[in-house]
Amino acid sequence: MQTVEFTSNYEETGAGTLDFADAPYPISPELTKVAREYRNDRFIADEVLPRIPVASMEFKYLTTNAAELLARLDTRVGRKSAPNEVSFTAGEILDAVHGAGLEHVIPWHDLANAPDPDEMKRNATRDTTDLILLDRERRVANLVFSSISYPAGNVQTLAGSDQWSDPSSDPVKAIMDALDTCIMRPNIAVFGRRTWTHISRHPKIIEATIWDGADTGIATPDAVANLLEIDRIVVGDAWHNSAKKGQAASLTRLWGPHAAFLYMGQAGNPNRWGATAAWGDRFAWTYEEPNRSVRGAHVVRVGEYVEEFIVSPELGCLIRNAVAG
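All chains use their own residue numbering, which begins from 1 and follows the written sequence. The predicted nature of this model means local features are confined to residues of pLDDT at least 70 and side-chain atom pairs, given and counted, to a pLDDT of 80 or more, with totals for whole chains, interfaces and linings taken over all residues. Side-chain measures here rest on the full set of heavy atoms in the structure, leaving out hydrogens and waters.

The protein has the name Phage capsid protein in an unreviewed UniProt entry, where Methylocaldum szegediense is given as its organism.

Structure (structure tokens):
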């Protein structure tokens, strides 16, 4: 296992800034405010991999060897003896944020015929921001629910009667055993919606969280978190259309029938399974495009600079195919 200590340009308390003084298009304060404040309450990416401000596009973080931090040493010191000496090694990892953005083109005649052109621009900004956040949700879901994001010993796949969609299964035992595989016990659980639906009404969960002998009902996230001795449960609800443009819609869930358990540290503790580096805030700008439509178009662009990454894979575990379907 490796733990992490962030360098000075990677602090949770400091925010990087973006200087667009030389940008070819001026930032729109009003639309930037819309882009920053807009939030789809059903997205969980920021809860699962919290954003940590960085001071520049490139950022560094230090990794330390857990074997050194967990070494068994004799700390007793004789009356005239010198204490045993310890030393620590650290590796420096260089990474960088990437730009993520989309444009929405509004033909001039659409604005000319709109009852409120400014509201049309604001709606375009919100919808564009939503798609940017949806893609971030996809990236985070793929990272968290991927087997290669964890050591092989921290991943298990359920099948048949072991799946929690089967009332004879034992999800409490499966989860508690999985949590014990991590050197630092995970403190958050991430469930896909279908997984949580089955967990919340599973007979063994109901009996353990509501009352002895109960076999029907719905367990709350707080009750299940308390049962599993973790801080909180996060449920992924997001859907996306996987069909190509022009084809019939094919709606699927971004968060599949799996369950991940991650140690994400406490306030002031840099140890965590993963994080998101964020350079500056989300922004929006507009510009005129004369080569679109008959009389030109107004273009709204929304963007941000982020990078999702895994800090310490050993601080998490994954249960794939936790439920059927």
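From this point, the narrative continues.
Caption draft 1: Expanded view of the packing of aromatic side chains. Centre distance within 6.5 Å is the pairing criterion for rings of Phe, Tyr and Trp, where only the six-membered ring of Trp is used; planes under 30 degrees apart are then read as stacked, over 60 as edge-to-face, and the remainder as tilted. Scanning the entire structure with this criterion turns up eight aromatic pairs. When the ring of Phe-283 is compared with that of Trp-285, the centres are 5.9 Å apart and the planes differ by 40 degrees; the resulting orientation is tilted. Think of it in three bands: residues with accessible area under 20% of the maximum for their type are buried, residues over 50% are exposed, and the middle band is partly exposed, with areas taken using a 1.4 Å probe on protein chains only. In this structure Trp-285 comes out as buried when scored by relative accessible area, which is 7%. In this analysis the charged atom, NZ for Lys or CZ for Arg, is taken to sit over a ring once it is within 6 Å of the ring centre and within 35 degrees of the ring normal. Sitting above the plane of the Trp-108 ring, Arg-295 keeps its charged end 3.7 Å from the centroid.

Caption draft 2: Local environment of unusual backbone geometry. The residue Glu-229 is not glycine, and still its phi comes out positive at about 60 degrees. The topology assignment puts Glu-229 in the loop between helix 9 (221-228) and strand 8 (232-236). Classification of Glu-229 as exposed rests on a relative accessible area of 57%. Notably, Ser-293 is not glycine yet its phi reads approximately 65 degrees, a positive angle. Runs of H or I in DSSP of at least four residues are treated as helices and runs of E of at least two as strands, each being numbered from the N terminus. Within the secondary structure, Ser-293 sits in the loop between strand 13 (283-289) and strand 14 (297-310). The exposure class of Ser-293 is partly exposed, given its relative accessible area of 36%.

Caption draft 3: Molecular detail of the side chain of Glu-307. Within the secondary structure, Glu-307 sits in strand 14. This buried residue, Glu-307, is left without a salt bridge; Arg-139 holds the nearest opposite charge, at 6.6 Å. Among the polar contacts made by the side chain of Glu-307, one reaches the side chain of His-98 at a distance of 2.8 Å. Throughout, a residue-residue contact means that at least one pair of heavy atoms, one from each residue, lies within 4.5 Å. With residues near it in sequence (within four places) discarded, Glu-307 still touches Phe-59, Asp-95, Ala-96, Val-97, His-98, Ala-275, Thr-276 and Ala-277. As used throughout, the charge tally considers Lys and Arg to be positive and Asp and Glu to be negative, leaving His and the chain termini uncounted. A pair is scored as a salt bridge if a Lys or Arg side-chain nitrogen falls within 4 Å of a carboxyl oxygen belonging to Asp or Glu. Two N or O atoms count as a polar contact when they lie within 3.5 Å, although within protein this holds only if one can serve as hydrogen donor and the other as acceptor, and sequence-adjacent residues are included solely when both atoms are side-chain atoms.

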